[in-house]
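Spelled out from the first residue to the last, the chains are:
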Amino acid sequence: MNEYEKKRTGLLHATDELRQLILENPELPLLVFAGEDCNSGDYSYMSCSSVTASIGEFLDFPQTVNDEICFTDRDELEEEIENRSDFTGTDEEFTAYIKAEMELYAPYWKPCIIVYVDN
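The rules behind each value
Residues numbered from 1 in each chain as written. Predicted model: local features only at pLDDT ≥ 70, side-chain atom pairs only at ≥ 80, totals over all residues. Heavy atoms only, no water. Core = buried A, V, L, I, M, F, W, Y, C linked by side-chain atoms within 4.5 Å. Buried < 20%, exposed > 50% of the residue type's maximum accessible area, 1.4 Å probe, protein only. Helix = DSSP H or I, 4+ residues; strand = E, 2+ residues; numbered from the N terminus. Contact = heavy atoms within 4.5 Å. Arc of directions from axis to C-beta. Polar contact = N/O pair within 3.5 Å; in protein donor to acceptor, adjacent residues only side chain to side chain. Patch = residues over 30% accessible without salt bridge, like charges linked within 9 Å, V, L, I, M, F, W, Y side chains within 5 Å. Areas by Shrake-Rupley, 256 points an atom, 1.4 Å probe, with all protein chains shown as cover. Salt bridge = Lys/Arg side-chain N within 4 Å of Asp/Glu carboxyl O. Lys, Arg positive; Asp, Glu negative; His and termini not counted. Charge placed at Lys NZ, Arg CZ, Asp CG, Glu CD.

A.B. asks: Requested: an account of the nonpolar core, with residues and values cited.
C.D. replies: Listed in full, the nine residues of the largest apolar core are Leu59, Val65, Phe71, Leu77, Ile81, Ile98, Met102, Tyr105 and Trp109. Secondary structure elements with two or more residues in this core: helix 2 (74-84) and helix 3 (91-105). Among the elements that line this core, the one with the most residues is helix 3, at three residues. Among all residues touching Trp109, those that are not within four sequence positions of it are Glu57, Phe58, Leu59, Phe71, Thr72, Asp73, Arg74 and Leu77. Within the second largest apolar cluster, eight residues are counted, among which are Leu28, Cys38, Ala53 and Val115.

A.B. asks: Pulling in residues and values, what's your account of helix 2?
C.D. replies: It helps to recall that an α-helix has 3.6 residues per turn; residues three or four apart then point in one direction. Turning to helix 2, its buried residues are Leu77, Glu80 and Ile81. All buried residues of helix 2 fall inside an arc of 100° around its axis, so they share one side. Opposite its buried face, helix 2 presents the exposed residues Asp75 and Asn83, each directed more than 90 degrees away. Residues of helix 2 that are buried make contact with strand 2 (50-59), helix 3 and strand 3 (109-118). For helix 2, the N-terminal capping position is held by Asp73, with its side-chain oxygen 2.7 Å away from the main-chain nitrogen of Asp75.

A.B. asks: Quick one: what's the story with the side chain of Asn66, residue by residue and with numbers?
C.D. replies: Here Asn66 lies in the loop between strand 2 and helix 2. Using a relative accessible area of 9% as the deciding quantity, one classes Asn66 as buried. Polar side-chain contacts of Asn66 include one of 2.9 Å to the backbone nitrogen of Glu68. Look past the residues within four positions of Asn66 in its chain and what remains in contact with it is Phe71, Glu80 and Arg84.

A.B. asks: Run through a negative patch on the surface, naming residues and quoting values.
C.D. replies: Taken together, Asp73, Asp75, Glu76, Glu79 and Glu82 make up a surface patch of like negative charges. Here Asp75 shows up in helix 2. Residue Asp75 is classed as exposed on the basis of its relative accessible area, which comes to 58%.

A.B. asks: Explain the environment of Gly35 to me, using residue names and the numbers behind them.
C.D. replies: Relative to the helices and strands, Gly35 resides in the loop between strand 1 (30-34) and strand 2. Not counting residues within four places of it along the chain, the set of residues in contact with Gly35 comprises Val117 and Asp118.

A.B. asks: Account for the pattern of salt bridges, naming residues and giving values.
C.D. replies: Tallied over the full model, the rule gives three salt bridges. One salt bridge in this structure joins Asp16 and Arg19, with 3.3 Å as the shortest N-O distance. Residue Asp16 and its partner Arg19 are located together in helix 1 (residues 16-24), separated by three residues, close to a single helical turn. In this structure, Glu57 engages Arg74 in a salt bridge whose closest nitrogen and oxygen atoms are separated by 2.8 Å. Of the two residues, Glu57 is situated in strand 2 and Arg74 in helix 2; the sequence distance between them amounts to 17 residues.

Structure representation (structure tokens):
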């Protein structure tokens, strides 16, 4: 066996971070995001060399602002609403409109543990 064959794969990850998040927040659901490099398409499943976890929140609602985004950031949602709006009016009216739109989504933000995996 040569030296290259003796190197670790880097696919096993310590569970300390995720375990601690779950122990401290047992009531929170788990949300997993897989990056675009997670699967080359050659196999049904692929292991991931990059894994991180954090407490966050998820907009758990079938929103129509941008159906290609799973929102985990309120500022990102607000920016998307602003960019896609065809609202006409004064700056003050626009600000009030955006605030009202954001309030519609407020009850649907759910805290969760978010796990990101990628290669």
